[in-house]
Amino acid sequence: MAEVEETLKRIQSHKGVVGTMVVNAEGIPIRTTLDNSTTVQYSGLLHQLTMKAKSTVRDIDPQNDLTFLRIRSKKHEIMVAPDKEYLLIVIQNPCE
Amino acid sequence: MFPASKMPNKQPPRKQSINIGRGARKRDEDSGTEVGEGADEWAQSKATVRPPDQLELTDAELKEEFTRILTANNPHAPQNIVRYSFKEGTYKFIGIVNQMAVHFSHVGNLIPRDSDEGRRQHYRDKLAAVSYQGSQESTKVAISETEILEEEEPKEAETEAGSQTDMPAAEAAEKVTEEELMTPKQPKEQKLTNQFNFSERASQTINNPLRDRECQMEPPPRTNFSATANQWEIYDAYVEELEKQEKTKEKEKAKTPVAKKVGKIAMRKMASIESQSDDITKVTQAAKIMERMVNQNTFDDIAQDFKYYEDAADEYRDQEGTLLPLWKFQNDKAKHLAVTALCWNPKYKDLFAVGHGSYDFMKQSRGMLLFYSMKNPSFPEYSFSSESGIMCLDIHVDHPYLVVVGHYDGNVAIYNLKKPHSQPSFRSSAKSGKHTDPVWQVRWQKDDMDNNLNFFSVSSDGRIVSWTLLKSELVHTDVIKLKVEGSTTDGLNGLQLHTVGCGTAFDFHKEIDYMFLVGTEEGKIYKCSKSYSSKFLDTYDAHNMAVDAVSWNPYHSKVFMSCSSDWTVKIWDHTIKTPMFIYDLNSAVGDVAWAPYSSTVFAAVTTNGKAHVFDLSINKYEAICNQPVVAKKKNKITHVQFNPVYPIIIVGDDRGHVTCLKLSPNLRKMPKEKKGQEVQKGPAVEIAKLDKLLNLVREVKTKT
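What you see is a predicted model; the values in this text were computed from it and never measured.

S.K.: Just checking my understanding: could you explain the overall build of chain B for this structure?
M.R.: Of the regular secondary structure elements, chain B holds eleven helices and 32 strands. Here chain B holds 704 residues, and 38% of them are scored as buried. Restricting the contact set of chain B to residue pairs at least 6 apart, pairs at least 24 apart contribute 49%.

S.K.: What is the right way to read the nonpolar core from this model?
M.R.: Grouped burial of nonpolar side chains is what soluble globular proteins tend to show. Residues and elements named next belong to chain B. Grouped together as the largest cluster of nonpolar side chains are 22 residues, with contacts concentrated most on Val 569, Ile 571, Phe 581, Tyr 583, Val 592, Phe 602 and Leu 616. Within the residue set of this core, elements represented by two or more residues are β23 (559-564), β24 (568-573), β25 (581-584), β26 (589-594), β27 (601-606) and α11 (683-703). Broken down by element, the residue count for this core peaks at four residues, all from α11. Counting 21 residues, the second largest nonpolar core, distinct from the first, contains Tyr 597, Val 605, Val 613 and Ile 637.

S.K.: Would you mind going over helix α1 (residues 2-12) of chain A with me for this structure?
M.R.: Think of an α-helix as 3.6 residues a turn; residues three or four steps apart then line up on the same face. Three or more residues of α1(A) are buried, namely Val4(A), Thr7(A), Leu8(A) and Ile11(A). One side of α1(A) carries all its buried residues, which in axial view fall inside an arc of 95 degrees. The exposed set on the far side of α1(A), more than 90 degrees from its buried face, consists of Ala2(A) and Lys9(A). The inward-facing, buried residues of α1(A) contact β1 (17-24), β2 (29-32) and β5 (86-92) of chain A together with α9 (284-298) of chain B.

S.K.: Even after reading the chapter, I still don't get the interface of chain A and chain B, so can you show me in this structure?
M.R.: In many reports, interface size means the accessible area that the parts give up when they come together. Contact residues are listed per partner, giving 33 residues for chain A and 26 residues for chain B. For the chain A and chain B pair, buried surface summed over both sides reaches about 2800 Å², with 66% attributable to carbon and sulfur atoms. Put simply, chain A and chain B have two salt bridges between them. Here Arg10(A) ties to Glu291(B) by a salt bridge, and the two come within 2.4 Å at their closest N and O atoms. The tally of links from chain A across to chain B stands at eleven residue pairs in polar contact (both at pLDDT 80 or more). Of the residues forming the side of chain A that touches chain B, the biggest block, seven residues, is contributed by α1(A). Residues belonging to the side of chain A that touches chain B are distributed by class as follows: 16 nonpolar, five polar and twelve charged.

S.K.: Teacher, can you tell me more about the UniProt feature "repeat: WD" (unreviewed entry) in chain B here?
M.R.: According to UniProt, the "repeat: WD" (unreviewed entry) feature falls on residues 540-573 of chain B. For the annotated span residues 540-573 of chain B, helix accounts for 0% and strand for 59% of the residues, and the straight-line distance between the end C-alpha atoms is 11 Å.

S.K.: What should I look at first to understand a nonpolar patch on the surface in this one?
M.R.: Residues and elements named next belong to chain B. On the surface, Val 82, Tyr 84, Phe 86, Tyr 91 and Phe 93 cluster together into a nonpolar patch covering about 660 Å² of accessible area. Elements that contribute at least two residues to the nonpolar patch include exactly β1 (82-85) and β2 (90-93). Overall, the relative accessible area of 61% leaves Phe 93 in the exposed class.

S.K.: I tried to follow the pattern of salt bridges on my own but got confused; where do I start?
M.R.: Side-chain pairs of opposite charge can arise whenever the charged atoms involved come near each other. Residue and element names in this part refer to chain B. This model, assessed by the stated rule, comprises 15 salt bridges over all chains. Of the charged contacts in the structure, one is a salt bridge between Lys 288 and Glu 381, with a shortest N-O distance of 3.8 Å. Of this pair, Lys 288 sits in helix α9 while Glu 381 sits in the loop between β6 (367-373) and β7 (382-386), placing them 93 residues apart in sequence. Here Lys 288 falls in the partly exposed class, since its relative accessible area comes to 39%. For the salt bridge of Glu 381 with Arg 292, the shortest nitrogen-to-oxygen distance reads 3.2 Å.

S.K.: Mind showing me how you'd approach the sheet that holds β5(A) here?
M.R.: Whenever strands of a sheet pair, they do so through backbone hydrogen bonds, lying parallel or antiparallel. Residue and element names in this part refer to chain A. One open sheet holds the five strands; their spatial order is β2-β1-β5-β4-β3, and the pairing between them is antiparallel. Each end of this open sheet is capped by a strand with a single partner; those strands are β2 and β3 (69-72). The average angle at which neighbouring strand axes cross in this sheet is 15 degrees, direction not considered. With four bridges joining them, β3 and strand β4 (residues 77-82) adopt antiparallel strand pairing. Across the sheet, the residue bridging to Arg 72 is Glu 77, located in β4. Sheet contacts for α1: β1, β2 and β5; angle to β1, the most-contacted strand, approximately 145 degrees. Packing against the sheet, helix α2 (residues 36-60) makes contact with β1, β2, β3, β4 and β5, and its axis sits at approximately 115 degrees to β5.

S.K.: Just to check I follow, could you spell out the packing of α1(A) against α9(B) for this structure?
M.R.: Relative orientation and spacing of two packed helices are given, respectively, by the angle between their axes and the distance between those axes. As a packed pair, α1(A) and α9(B) sit with axes 10 Å apart at the nearest point and diverge in direction by 25 degrees. With respect to α9(B), the axis of α1(A) lies roughly parallel. For the pair α1(A) and α9(B), the sense of crossing is left-handed. The residues of α9(B) that touch α1(A), namely those facing Val4(A), Thr7(A), Leu8(A), Arg10(A) and Ile11(A), are Thr284(B), Ala287(B), Met290(B), Glu291(B) and Val294(B).

S.K.: Hey, could you run me through the pairing of strand β4 (residues 338-344) of chain B in this one?
M.R.: Within a regular strand, the side chains alternate between the two sheet faces. Residue and element names in this part refer to chain B. Of all seven residues in β4, seven are buried, a share of seventy percent or more. Where β4 lies against strand β5 (residues 351-357), six bridges are found, and the strand directions are antiparallel. Residue Ala 341 lies in a different strand from β5, and its bridge partner there is Gly 355.

S.K.: What am I meant to see in the environment of Thr606(B) here?
M.R.: Residues and elements named next belong to chain B. Among the secondary structure elements, Thr 606 is positioned in strand β27. Under the relative-accessibility criterion, Thr 606 is labelled buried at 0%. Sequence separation of Thr 606 and Thr 638 is 32 residues, and the distance between their C-alpha atoms is 7.5 Å. Leaving out residues up to four positions away in the same chain, Thr 606 has contacts with Leu 585, Ser 587, Ala 588, Val 589, Gly 590, His 612 and Ile 637.

S.K.: Explain the packing of α2(A) against helix α7 (residues 231-253) of chain B here, please?
M.R.: Following both chains from N to C, one finds α2(A) and α7(B) inclined at 75 degrees, their axes separated by 8 Å at the closest point. With respect to their mutual orientation, α2(A) and α7(B) come out roughly perpendicular. Across the interface between the two elements, Ser55(A), Arg58(A) and Asp59(A) of α2(A) pack against Gln231(B), Trp232(B), Tyr235(B) and Asp236(B) of α7(B). The residue makeup of the contact of α2(A) with α7(B), split by class, is two nonpolar, two polar and three charged.

S.K.: Sorry if this is basic, but what is going on with the sheet that holds β25(B) here?
M.R.: Residue and element names in this part refer to chain B. Strand order in the open sheet formed by four strands is β22-β23-β24-β25, and the pairing between neighbours is antiparallel. At either end of the open sheet lies a strand with only one pairing partner, and these are β22 (547-552) and β25. Taken pair by pair, the neighbouring strands of this sheet meet at an average axis angle of 15 degrees, ignoring direction. Pairing of β24 with β25, which is carried by four bridges, proceeds in the antiparallel orientation. Looking across to β25, one finds that Val 569 is bridged to Tyr 583.

S.K.: When you look at the packing of aromatic side chains in this model, what are you seeing that I'm missing?
M.R.: The tally for this structure, following the rule as stated, stands at 29 aromatic pairs over all chains. Measuring from ring centre to ring centre gives 5.2 Å for Tyr84(B) and Tyr91(B), while their planes differ by 70 degrees; the resulting arrangement is edge-to-face. Between the aromatic rings of Trp594(B) and Phe602(B), the centroid separation amounts to 5.6 Å while the plane-to-plane angle is 65 degrees, which identifies the pairing as edge-to-face. Linked through ring pairs, Phe581(B), Tyr583(B), Trp594(B), Phe602(B) and Phe614(B) together constitute an aromatic cluster. If you follow Arg10(A) out to its NZ or CZ, it ends over the ring of Phe379(B), 3.2 Å from the centre. For Lys418(B), the ring lying beneath its charged end belongs to Tyr401(B), and the centroid distance is 4.3 Å.

S.K.: Just checking my understanding: could you explain the environment of Gln79(B) for this structure?
M.R.: Within the element layout of this structure, Gln79(B) appears in the loop between α3 (59-63) and β1. We classify Gln79(B) as exposed; its relative accessible area is 70%.

S.K.: Just to check I follow, could you spell out the side chain of Thr20(A) for this structure?
M.R.: Residue and element names in this part refer to chain A. As for its position among the elements, Thr 20 is in strand β1. The class for Thr 20 is buried, based on a relative accessible area of 7%. For Thr 20, the side chain forms a polar contact with the side chain of Gln 12, separated by 2.2 Å.

Basis of the calculations
- Residues numbered from 1 in each chain as written.
- Chains lettered and ligands numbered in written order.
- Predicted model: local features only at pLDDT ≥ 70, side-chain atom pairs only at ≥ 80, totals over all residues.
- Heavy atoms only, no water.
- Helix = DSSP H or I, 4+ residues; strand = E, 2+ residues; numbered from the N terminus.
- Buried < 20%, exposed > 50% of the residue type's maximum accessible area, 1.4 Å probe, protein only.
- Contact = heavy atoms within 4.5 Å.
- Core = buried A, V, L, I, M, F, W, Y, C linked by side-chain atoms within 4.5 Å.
- Arc of directions from axis to C-beta.
- Buried area = accessible area lost by both parts, 1.4 Å probe.
- Salt bridge = Lys/Arg side-chain N within 4 Å of Asp/Glu carboxyl O.
- Polar contact = N/O pair within 3.5 Å; in protein donor to acceptor, adjacent residues only side chain to side chain.
- Nonpolar A, V, L, I, M, F, W, Y, C, P; charged D, E, K, R; others polar.
- UniProt positions renumbered as here; feature names shortened; annotations may be inferred.
- Patch = residues over 30% accessible without salt bridge, like charges linked within 9 Å, V, L, I, M, F, W, Y side chains within 5 Å.
- Areas by Shrake-Rupley, 256 points an atom, 1.4 Å probe, with all protein chains shown as cover.
- Pairing = 2+ DSSP bridges.
- Axes fitted to C-alpha atoms, helices over the stretch in contact; angles between N-to-C directions.
- Parallel < 35°, antiparallel > 145°, perpendicular 65-115°, else oblique.
- Left-handed = near helix turned anticlockwise from the far one by under 90°.
- Phe/Tyr/Trp six-rings, centres within 6.5 Å; stacked < 30°, edge-to-face > 60°.
- Lys NZ or Arg CZ within 6 Å of the ring centre and 35° of its normal.

This is how it looks when you write it as structure tokens:
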């Protein structure tokens, strides 16, 4: 258990990381380092998007599955790592 | 209707005559009252008249009573009418039959006054009356009436042909009456033309008051359920089913009650742990991937360089190459510990192991074993710490999760990466034959005949020990005791004392399994065999100082290389006692390594922080790359290793940092293909290449 906590801490303290959040299967945020309204917004929208992406991948080949989703925008990069029951979302400013 | 009872015919004649008389009287009464007074006269004359054909009956017969029952049934009505019932598909008796018998029917000619017909007649009478007043009117009326008549005549004709109703008779009568009426009668009062003055009668019954009766239950609990049915969801369901089936099969196979119990208990524990544990542990996998991605983002340019960058300047540099620094691996915990060992994982090409310890005799502290992945340069994948500094390590080729380490205090230990412990799985101890001096090198060997894991270790105490992992213990066997030749002295009582040599490095031959080389502190290299424990196969006077590393060429079976703190790197043919090539690097050489992709390329690192890469096929006398690799001065590089797959090397220094460098194209030159010839690849080519070089050298040597 401590290992996961440490890993999340390291991710949060990594260069350029703006925020981290853990969202459960229903789209409800469990852990977050951002403020409430932002968290709720991110979690709701990204949850839907991840479900859609996952559905897409699996529809094409049911034996396949989504492992990672990256959205790069002008300002930063949103990374989503889906798990069986949870969703880990990290927002990072790639340093350039 | 028949009379209630019939008088039997067999009454005595006398009575009969009376009856007859009475019957005659009755008849007379019926027809009229004329004969009433003459009844007495008739009664007096009792003439019994018997018809000639009257039935002769006996008294008994006469007295016999016949019962007649009066019913309302019509005896002429059919009793056996059947109708076809479509419901049952059979003929069925009709229960109720019409019992009415019509004796006489006569069509009457009376019409009620209020009926339509009656009113019409009335109206005609009036008209007829009106016609009397004026001739024109009468003619008109006559005309209209004749018209009406005409109309009626065809009607009459039609209806007469039809059913027996009052209508034709009535109309016929009407016609007659009209003709009569037309002339004599006076006009009656003119009734209103609206013939629909009708009166309506209605009545209303008392309405029952309505009452509402309701009953309401508690609504059943409801939940919303929604799901999607996709191809992959169906696939998932099938896979789950399959797994369940397989599990049940396994359970059936493993049928021991004890095992079952243990299994159950374990299952229960597992279940309880799962429910109690925090939800966050399930994010482990995702967190790991995320960390790597975050790192990739941060070190994006490095990752790109690693994968794609080829130094274009190499074309202009003639034969020299460069080393491009990529990632730098360091850990806070290993900050003051030197890198004492490096090893790439044979299975996962991005994973390597770093052993930390200290070379300083005076400053001995703890040790660390870290595993880094190139995918995550900021944090090690695995980390183990130990009390004594780690001096060497090796990863098993077939079981890439088993790592053997040698410690400064002489112990050896085996770590199993699959198990989550931070402690070694197996450890030697003073009882089990640990070395008395630091272990400088360990190497896994092939599994022995009983499929037990075994490895060799060499140490400064002069022993080369073979360790075998029997079930759960480390068992050691002394293979060789290194003796310094020519140093046997006669001690007291005729004992021969040998001075023990100190082994500092060894390497096993790639093909000839039993042959291996040992380098010593005295600068000698011994060629030994596993089977001979006291004698060496050969001895080479290699260096003036301790031999730091020996290494067989990965392609050529005869060539090996050695380096030493006496600033030199020497390349040997094991059949010849003198080295083929000697290189002086101006600083103590910490480590040498052959490149896995070419038989003529090798790298050497020195304590002045430089890395040297040689390619014998290009330049026999000088390094083609000579580059300072570590940042600060006074930072000694201790080890170097080539990655078996990628064109990178890792370099460890004595500050605990590991730097990853990419070899530029010039350093990786493959033999050029001659035009028209196929490109030959493979070990044979490499061997041939080296052979050619060696032959040149040998020729030179024989000449000199």
